[in-house]
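# A closer look at the structure
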Amino acid sequence: MVTEDDVRRLALALPEALEKTMYGTPAFYVRGKWFARIRDEGDVLVLPVGSEEEKAGLVAAEPGTFFTTPHYDGSATVLVRFGAVDAEELGELLTDAWRLRAPTRLAAAFDA
């Protein structure tokens, strides 16, 4: 099981990532765009994904890990349970979310 500290360490390791609050909880940004947020529960991470179809696929394939709530209906945003991912998978999820929000040149430099 990952912790808030794991999320913070992995998110802030990404280029130009910053931590600020969003709705009173820790959130991570790249050049002013959020790419992850810890929900009030403290053990759920909110991440953007590429599309609503991708979100639906994640939730259908691994409902113990990924889920959504009515608040996120119509949004390409998925919720991730801390207890269902390890640090390696979390790092991949955060990196994918970061790539979605990072400027093209910054993402390309990271991938080079």
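Please read these numbers as outputs of a predicted model, since none were measured by experiment. (Residues numbered from 1 in each chain as written. Predicted model: local features only at pLDDT ≥ 70, side-chain atom pairs only at ≥ 80, totals over all residues. Heavy atoms only, no water.)

Membership of the largest hydrophobic core comes to 27 residues, with the highest contact counts inside it found for Phe-35, Leu-45, Leu-47, Val-80, Leu-90, Leu-94 and Trp-98. Among the secondary structure elements, those contributing two or more residues to this core are helix H1 (4–12), strand E2 (25–30), strand E3 (33–38), strand E4 (44–48), strand E6 (77–81), helix H3 (87–101) and helix H4 (104–111). If you tally residues by element for this core, the top one is H3, at five residues. With near-sequence residues (within four places) excluded, Leu-94 lies in contact with Val-7, Leu-10, Ala-11, Leu-14, Phe-35, Ala-36, Leu-45 and Leu-47. Counting residues in each nonpolar core, the second largest holds nine residues, with Ala-27, Phe-67, Tyr-72 and Leu-79 among its members. (Core = buried A, V, L, I, M, F, W, Y, C linked by side-chain atoms within 4.5 Å. Buried < 20%, exposed > 50% of the residue type's maximum accessible area, 1.4 Å probe, protein only. Helix = DSSP H or I, 4+ residues; strand = E, 2+ residues; numbered from the N terminus. Contact = heavy atoms within 4.5 Å.)

This brings us to the side chain of Thr-25. Mapped onto the fold, Thr-25 is located in strand E2. Within the local environment of Thr-25, its side chain forms a polar contact with the side chain of Arg-37, the two groups lying 3.0 Å apart. A polar contact is formed between the side chain of Thr-25 and the backbone oxygen of Ile-38, at a distance of 2.6 Å. Here Thr-25 is in contact with Lys-20, Arg-37, Ile-38, Arg-39 and Asp-40, once residues within four sequence places are set aside. (Polar contact = N/O pair within 3.5 Å; in protein donor to acceptor, adjacent residues only side chain to side chain.)

This paragraph deals with the packing of aromatic side chains. In this description, a pair of aromatic rings is defined by centroid distance and the angle of the planes. Scanning the model with the defined rule gives one aromatic pair in all. When the ring centre of Tyr-29 is taken as reference, the NZ or CZ atom of Lys-20 above it lies at 4.5 Å. One Lys or Arg, Arg-101, reaches over the ring of Trp-34 and ends 4.8 Å from the middle of that ring. (Phe/Tyr/Trp six-rings, centres within 6.5 Å; stacked < 30°, edge-to-face > 60°. Lys NZ or Arg CZ within 6 Å of the ring centre and 35° of its normal.)

As far as function goes, none of this settles anything; it's purely spatial.
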